[in-house]
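An overview of the molecular structure
Here are the chains, one letter per residue:
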There are 2 protein chains.
Amino acid sequence: MSYSIGEAAKMVGLTAHTLRFYDKEGLLPFVKKTSSGLRAFTESDIEWLKIIECLKGTGLPLKQIKQYIDWCMEGDATIPQRLNMFIEQKKHVEEQKAKWEKHLEKINFKIKYYEDAAKHGDLNVFERNPKLLEEKKRLFKD
Amino acid sequence: MSYSIGEAAKMVGLTAHTLRFYDKEGLLPFVKKTSSGLRAFTESDIEWLKIIECLKGTGLPLKQIKQYIDWCMEGDATIPQRLNMFIEQKKHVEEQKAKWEKHLEKINFKIKYYEDAAKHGDLNVFERNPKLLEEKKRLFKD
DNA sequence: TTAATCTTTAGAGTTAGCTCTAAGTCAAGA
DNA sequence: TCTTGACTTAGAGCTAACTCTAAAGATTAA
């Protein structure tokens, strides 16, 4: 059993246009076609799409995703490169998470700031709450 | 005391080109110019840049950042909108963090997978370790 | 004062990742 | 069989966010 491009697209939350674009970019060399030229996505192809989505979702550019797919197609000799790619991507994800954590602190500060401002209808927040000014200095020092 | 565009750029990790681009896009209405037409960034302007960087870093498009800056320039009447924007952005950041967490699980699975593959020089990982197959099914089921 | 190194503008060019169109082909239900 | 809707390709167009260029003016160190 296999899926049309529209069905596959729905299953992974993309459009058929996007899947064709990925195919054109060489990201889907594993997708076979029927005798009449229609793409037929297998269950295994859907799993490939999910891995592509995972890598894309963590900020890996399509070119590097293609590099990974190419390695997969080349066979067992490229296992070390693939392992290395995932290790690098894990590092990248953890760096990003730390960055988002820092951004979140600043956003939380802004929420406190504007909550007080909204309550009083003006921006004299630091006069009312000097501790918040200290927090601001700490958060925006670097 | 104030900073030239090049100094300001260095302080926030952007290029002078990018700062000029932001200015052209209306993101830096607060930056004043000297009598001879050079931009002079104050300490306060540098803080604005850091907030812009924070919002950009959490994925807010420049257009929406401009909207926020515009609200700030309009005065106290827009405090509720600004508060709301940060609350929405906090939601967004937390959704993203959850997504990255899920991606990270998949990446960790792939690392385990390829570590075993690298050790044995082939991809018969699931035959050697059926538990990993179960983990794969769990992680990629949706 | 002069040379080197900024900075200014307007505007063109680039990159990534889609997104859509046109013109035609294929498949499934009435 | 006919119609409707999904599929095919090549290729154009789009958006966001830069990135760079050219030509001219400003600043700074020797």
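So, a few notes on the structure that sits alongside this text. (Residues numbered from 1 in each chain as written. Chains lettered and ligands numbered in written order. Predicted model: local features only at pLDDT ≥ 70, side-chain atom pairs only at ≥ 80, totals over all residues. Heavy atoms only, no water.)

This part is about the protein's contact with DNA strand C. Residues in contact with DNA strand C amount to 19 residues; listed here are only the nearest, Tyr22(A), Ser36(A), Ser4(B), Lys33(B) and Arg39(B). In this structure, a base nitrogen belonging to DNA strand C sits 3.5 Å away from a side-chain N or O atom of Lys24(B). Here a phosphate oxygen of DNA strand C sits 2.7 Å away from a polar atom, N or O, in the side chain of Arg39(B). Secondary structure elements with two or more residues in the surface near DNA strand C: α2 (16-24) and α4 (62-74) of chain A together with α1 (5-12) and α2 (16-24) of chain B. The residue makeup of the surface near DNA strand C, split by class, is seven nonpolar, six polar and six charged. (Near = heavy atom within 4 Å. Polar contact = N/O pair within 3.5 Å; in protein donor to acceptor, adjacent residues only side chain to side chain. Helix = DSSP H or I, 4+ residues; strand = E, 2+ residues; numbered from the N terminus. Nonpolar A, V, L, I, M, F, W, Y, C, P; charged D, E, K, R; others polar.)

All names here are of chain B. Orientation of helix α4 (residues 62-74) relative to helix α5 (residues 79-120), taken along the N-to-C sense of each, is 150°, at an axis distance of 9 Å. Comparing their axes, α5 and α4 come out roughly antiparallel. The crossing of α4 and α5 is left-handed. Along its contact with α4, which presents Tyr68, Trp71 and Cys72, the element α5 presents Gln81, Arg82, Met85 and Phe86. Classifying every residue of the contact of α4 with α5 by side-chain character gives five nonpolar, one polar and one charged. (Axes fitted to C-alpha atoms, helices over the stretch in contact; angles between N-to-C directions. Parallel < 35°, antiparallel > 145°, perpendicular 65-115°, else oblique. Left-handed = near helix turned anticlockwise from the far one by under 90°. Contact = heavy atoms within 4.5 Å.)

Residue and element names in this part refer to chain A. By the element assignment, Asp45 lies in helix α3 (residues 43-57). The side chain of Asp45 is buried and forms no salt bridge, while Lys32, the nearest opposite charge, is found at 7.0 Å. What Asp45 contacts, discounting residues up to four positions off in sequence, is Phe30, Val31 and Ala40. (Buried < 20%, exposed > 50% of the residue type's maximum accessible area, 1.4 Å probe, protein only. Lys, Arg positive; Asp, Glu negative; His and termini not counted. Salt bridge = Lys/Arg side-chain N within 4 Å of Asp/Glu carboxyl O.)

When chain A is brought onto chain B, the operation consists of a screw motion whose angular component is 180° and whose axial shift is 0.0 Å, with 0.0 Å RMSD remaining. Those values place the two copies in the arrangement expected of a two-fold rotation axis. Considering only C-alpha atoms, the residue of chain A closest to the rotation axis is Lys97(A), which sits at 3.5 Å. Of the interface residues in chain A, 100% have counterparts in chain B that sit at the interface too, so the contact is made through matching surfaces. (Least-squares fit on C-alpha atoms with pLDDT ≥ 70 in both.)

Two side chains of opposite charge can pair, provided their charged atoms sit close to one another. For the structure shown, the criterion picks out 20 salt bridges over all chains. Glu47(A) is paired through a salt bridge with Lys136(B); the nearest N and O atoms lie 3.0 Å apart. Pair noted here: Glu47(A) is in helix α3 and Lys136(B) is in helix α7 (residues 130-139), and the two residues belong to different chains. On the basis of relative accessibility, which here comes to 31%, the residue Glu47(A) falls in the partly exposed class. The class for Lys136(B) is partly exposed, based on a relative accessible area of 21%. Notably, a salt bridge pairs Glu101(B) with Lys97(A), separated by 2.9 Å at the nearest N-O pair.

What follows covers the packing of helix α5 (residues 79-120) of chain A against helix α7 (residues 130-140) of chain A. Residues and elements named next belong to chain A. For the pair α5 and α7, the least separation of the axes is 10 Å and the interaxial angle reads 155°. Considered as vectors, α5 and α7 are oriented roughly antiparallel to each other. The chirality of how α5 crosses α7 is left-handed. Every residue of α7 that contacts α5 at Glu105, Lys106, Phe109, Lys112 and Tyr113 is listed here: Leu132, Glu135, Lys136, Arg138, Leu139 and Phe140. Looking at the contact of α5 with α7, its residues break down into five nonpolar, no polar and six charged.

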